[in-house]
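Understanding the architecture of this molecule
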Amino acid sequence: MVPYTETNRDICRTLIPLLIPLLIVNIFQQFYNIASTFIVGYFIGESAFAALGIAGTVMMLYIFILNGVCVGISVLLASLYGSGDEGAFRRGVFLAACAGMLFALALSAVSMISLTPLLRLIQTPAELQPQIGKY
């Protein structure tokens, strides 16, 4: 593996191809959110609609935590790749995949255990909490 040394390339030409998939994923995520909001609001009712909004916010908290960890790991992997040490980079990718799976499982367990205290902390009405837990 040869380290990337090109420093005079136009940054926009480099970033645009990387941004397009992220943009597409975010657009589809918004379509999913809009569709679920319409379906829940129309077919299930007002309280389920409110529960969906709160559950979405709580889920985004955990998604942001995972995203932050992924960005940190990508910085470490980019450093290993840039150093040109192929063995260290391969070990880093393997360890990142294993650690990422373990972290996601641990975060899932923590989120299930801490859901009720978190909902109380953000002063969620008691009648909505069971619906949020189901979602």
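Residues numbered from 1 in each chain as written. Predicted model: local features only at pLDDT ≥ 70, side-chain atom pairs only at ≥ 80, totals over all residues. Heavy atoms only, no water.

Points about the environment of I44
The topology assignment puts I44 in helix α1 (residues 11-44). On the basis of relative accessibility, which here comes to 62%, the residue I44 falls in the exposed class. (Helix = DSSP H or I, 4+ residues; strand = E, 2+ residues; numbered from the N terminus. Buried < 20%, exposed > 50% of the residue type's maximum accessible area, 1.4 Å probe, protein only.)

A short note on unusual backbone geometry
In this structure, Q123 is a non-glycine residue whose phi angle is positive, near 60°. Relative to the elements of secondary structure, Q123 occurs in the loop between α3 (86-121) and α4 (129-134). Assessed through its relative accessible area of 69%, Q123 is described here as exposed.

Topic: the environment of A88
Note that A88 resides in helix α3. By relative accessible area, A88 is classed as buried at 14%. Put simply, A88 and G53 are 35 residues apart on the chain and 44 Å apart in space, counted from C-alpha to C-alpha.

Observations concerning the packing of aromatic side chains
Under the defined criterion, the tally for this structure stands at three aromatic pairs. Here F28 and F31 contribute two aromatic rings whose centre-to-centre distance is 6.4 Å and whose plane-to-plane angle is 70°, an arrangement assigned as edge-to-face. With F28 and F31 both in helix α1 and three residues apart, the pair spans about one turn of that helix. Taking relative accessible area as the criterion, F28 reaches 56% and is therefore assigned exposed. Residues Y81 and F89 carry aromatic rings whose centres are separated by 5.5 Å and whose planes lie at 65° to one another, so their mutual orientation is edge-to-face. Assessed through its relative accessible area of 35%, Y81 is described here as partly exposed. (Phe/Tyr/Trp six-rings, centres within 6.5 Å; stacked < 30°, edge-to-face > 60°.)

Topic: α3
Roughly 55° is the biggest bend found in α3, and it falls at L115, with proline P117 one to four residues downstream. Next to the buried residues of α3 lie α2 (46-83) and α4. Two residues or fewer after α3 comes Q123, characterised by a positive phi angle close to 60°. (Bend = angle between axes of the 7 residues up to and from the residue. Contact = heavy atoms within 4.5 Å.)

Some thoughts on the layout of surface pockets
Its volume calculated, the largest pocket comes out at about 650 Å³. Residue assignment for the lining of the largest pocket shows that the elements contributing at least two residues are α1 and α2. Only α2, α3 and α4 provide two or more residues apiece to the lining of the second largest pocket. Across the lining of the second largest pocket, the residue classes break down as 12 nonpolar, three polar and no charged. (1 Å grid on protein atoms, 1.4 Å probe; cavity = no way out; pocket = protein on both sides within 12 Å on 5 of 7 lines; lining within 4 Å. Points joined across faces, edges and corners; volume = space filled by probe spheres on them. Nonpolar A, V, L, I, M, F, W, Y, C, P; charged D, E, K, R; others polar.)

Here we look at the packing of α1 against α2
For the pair α1 and α2, interaxial distance at closest approach is 7 Å and the crossing angle is 155°. Judged by the angle between their axes, α1 and α2 are roughly antiparallel. At the point where α1 passes α2, the crossing takes the right-handed sense. Contact residues: S36, T37, V40, G41 and I44 in α1; A48, F49 and L52 in α2. Taken together, the residues of the contact of α1 with α2 sort by class into five nonpolar, three polar and no charged. (Axes fitted to C-alpha atoms, helices over the stretch in contact; angles between N-to-C directions. Parallel < 35°, antiparallel > 145°, perpendicular 65-115°, else oblique. Left-handed = near helix turned anticlockwise from the far one by under 90°.)

That's the geometry; what it means functionally is another story.
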